[in-house]
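# Secondary and tertiary structure notes
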Amino acid sequence: MSSQTFSKMSTKPFVTDNSESLYDSQEKEPSPLPVATDDAIAYVDKMDEGEIDSVLFTDSLVTTSDTGKELGEFTVSIEKARYNSKDCYLIHANSHGAIDNVPMGTSITAYVSKKIETLEQQHHEYVKLEEQHLDKKTFIVKQEDKYILNRIITQGEQVFRHAETYSSETMHGFISEGSNLLIQRLMVKKGIPEDCKFISFDSEAKLCHATYKSLDNHAQMIEDTEVTVTGIERTIQSYSDLPTTWQTCFLRDGRMSSRVQIGSPVTMRLLRVPPPLEKDEFREKPTVAKKTLNWEDDMQLYSKFLDRKEELKGDHATYMRHHPELKALLADFLQFLLLRKPEDIVAFASDYFSAFSPSTKEGNPYPTSGEDRYIPRPESPLKKLSSASGFPSS
C-alpha cells in the first residue's frame with residue numbers, strides 16, 4: 001500500500017479515537033498489561049445515575065477539512081436501554097464522509113452499565129478504496145468474569161482474525177470507545193481528577209493507558225454566536241506506536257461543539273447553537289377528591305348519550321333491513337322456545353342453533369312444531385321435552 005493511502009486513512013473522519021489504520025499488525029513481543037490508577041477507578045465508581053441521566057441527548061456535528069469544505073457527518077446519541085434484562089445505556093456513534101473522493105466511516109454501538117462498565121460493543125470501520133476495500137470490525141463482550149475481544153480485518157480478499165480474552169480484574173478501569181463518549185460529557189460537569197490513568201485499546205486492539213486532561217476555557221464562534229466552551233484532551237499511550245491525542249470541546253451542558261485529532265486536517269464542528277436541554281421536572285401528583293358523577297344531570301353527557309343512542313338505533317335498523325333473515329330466524333327460535341318452555345334456556349338455545357352447523361348431518365333444520373329438528377344429545381332439553389310431550393324423537 002502506498003504512503004498516500006496511509007495518509008488518507010490516518011485523516012479519515014472516524015468517530016473513535018483509535019482509528020488510524022486498517023491493517024493487521026505483525027506479531028510482536030507481548031507487553032505488560034497496563035493497570036488503571038486508583039483515582040481513575042474511584043472516579044468511575046462515584047458516578048451517580050442522576051448525573052448520567054442529565055447527559056442523555058444526541059450530538060450532531062459536521063466534518064470539515066482545513067479549508068472549510070464539508071466532508072461528512074458525525075452523530076452521537078446516548079439513551080436508556082436494557083441489556084440482558086438489566087437497565088443500562090445505549091451509546092450509538094456514527095461518522096461517514098469522503099476524503100479525496102474516498103468514502104470512509106465508522107460506527108459504534110455499545111451497551112454501558114450504570115457504573116460506566118462496557119457490557120458489549122460493536123465497532124466497525126471501513127475505507128472504500130478503488131484498488132481494494134478495507135474493513136475492520138471489533139467486537140467486545142463481557143461474559144461473567146471475563147471480556148472477550150474478536151477482531152476481523154478485511155483487506156481486499158485477505159481476511160485477518162484475532163481473538164483475546166481478558167479477566168474482569170484486568171479490565172478494571174477500562175474505558176471503551178463507547179463509554180468514552182459518555183464519560184467525557186460527565187467530565188465537563190464533574191471535572192477531571194489529576195494524574196489519573198484509565199485503560200483502553202489502541203488502534204491495534206492492544207490494552208494501553210488512556211489519560212484525560214482539562215483544557216482552558218475559550219471562546220468559539222458557532223454560526224454568528226460566540227460561546228464559551230470547555231476542552232478535554234484525551235491521549236492514548238500506545239506501547240507499539242506514538243501517543244495519539246484528541247481535543248474535544250463542549251458547551252456547558254455537555255454538548256459537543258468540536259473535535260479534532262492532533263496533526264489531522266479534519267475537524268468536526270457544531271454548525272448551530274442547539275436549544276437548551278429540557279429538564280424533567282418531577283412534581284407530586286395532586287390529590288383530587290372523588291366526586292359522584294350523575295351523567296343524567298349533566299347536559300353535555302346526556303346530550304352525547306342521546307346522540308349515541310340514536311346513532312346505534314339507526315345502525316341496527318340498517319343492518320336488519322339488509323338481513324331480513326334475522327327476523328325470521330329469531331321469530332322461529334322464540335316460537336319454538338315458548339312452545340317447549342325449557343328450564344335451561346341456554347342449553348336449549350345451544351341445541352337449537354347447533355342444527356345450523358355444517359357438522360350436523362341428521363334432522364330437519366326447519367321442522368314443524370311436532371317434529372324434532374335433529375337428533376339431540378342425550379342430556380339435551382330438546383330430547384327431554386319432546387319425550388314428555390309425546391312428540392316423536394329419534
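Residues numbered from 1 in each chain as written. Predicted model: local features only at pLDDT ≥ 70, side-chain atom pairs only at ≥ 80, totals over all residues. Heavy atoms only, no water.

### Structural notes on the overall build of the protein chain
- Scanning the protein chain from terminus to terminus reveals eight helices and 14 strands.
- When the 394 residues of the protein chain are sorted by exposure, 41% land in the buried category.
- Look at the contacts in the protein chain between residues 6 or more apart in sequence, and 50% of them connect residues 24 or more apart.
- For the protein chain, the exposed surface amounts to about 23500 Å²; the carbon and sulfur share of it is 50%. (Helix = DSSP H or I, 4+ residues; strand = E, 2+ residues; numbered from the N terminus. Buried < 20%, exposed > 50% of the residue type's maximum accessible area, 1.4 Å probe, protein only. Contact = heavy atoms within 4.5 Å. Areas by Shrake-Rupley, 256 points an atom, 1.4 Å probe, with all protein chains shown as cover.)

### A look at the environment of Phe305
- Note that Phe305 resides in helix α5 (residues 299–322).
- Here the alpha-carbon distance between Phe305 and Trp295, two residues 10 residues apart in the chain, equals 9.0 Å.

### A short note on the pattern of salt bridges
- Counting across every chain of the model gives 11 salt bridges.
- The shortest N-O distance in the salt bridge between Glu117 and Lys142 comes to 2.5 Å. Of this pair, Glu117 sits in the loop between β4 (102–112) and β5 (118–128) while Lys142 sits in strand β6 (residues 133–143); the two residues are 25 residues apart in sequence, bridging distant segments of the chain.
- On the basis of relative accessible area, Glu117 is assigned to the partly exposed category, the value being 30%.
- Among the residues examined, Lys142 registers a relative accessible area of 23% and is labelled partly exposed. (Salt bridge = Lys/Arg side-chain N within 4 Å of Asp/Glu carboxyl O.)

### Structural notes on the confidence of the model for the protein chain
- Considering every residue of the protein chain, the mean pLDDT works out to 82; 81% of them sit at 70 or more.
- Between residues 365–369, whose pLDDT stays under 50, and residues either more than four places distant or in other chains, the model counts nine contacts.
- Within the model, pLDDT remains below 50 along residues 388–394, and this stretch shows 11 contacts once partners closer than five positions in the same chain are excluded. (pLDDT = per-residue confidence, 0-100.)

### Examining the nonpolar core
- Judged by nonpolar contacts, the single largest core of 39 residues is most densely connected at Ile116, Leu182, Ile183, Met187, Phe198 and Tyr212.
- Of all the secondary structure elements, the ones that give two or more residues to this core are α2 (38–45), β2 (70–83), β3 (86–99), β4, α4 (177–190), β10 (207–222), β11 (225–237) and β12 (244–250).
- Among the elements that take part in this core, α4 stands out by supplying six residues, more than any other.
- With 12 residues, the next largest nonpolar core counts Ala36, Met171, Ala205 and Leu207 among its residues. (Core = buried A, V, L, I, M, F, W, Y, C linked by side-chain atoms within 4.5 Å.)

### Structural notes on unusual backbone geometry
- Of note in this structure, Ile116 is not a glycine but carries a positive phi near 60°.
- Structurally, the position occupied by Ile116 is in the loop between β4 and β5.
- When its relative accessible area of 2% is taken as the criterion, Ile116 is described as buried.
- Despite not being glycine, Asp195 shows a phi value in the positive range, around 60°.

### What to know about the pairing of strand β7 (residues 146–155)
- By the bridge criterion, 10 bridges tie β6 to β7 in an arrangement that is antiparallel. Each bridged residue has a counterpart across the sheet, and for Phe139 the counterpart in β7 is Asn150.
- If you look at the hairpin formed by β6 and β7, you'll find two residues sitting between the two strands, and Glu144 has a positive phi there, around 55°.
- Sheet topology note: the β7/strand β8 (residues 158–167) ladder contains 10 bridges and is antiparallel. (Pairing = 2+ DSSP bridges.)

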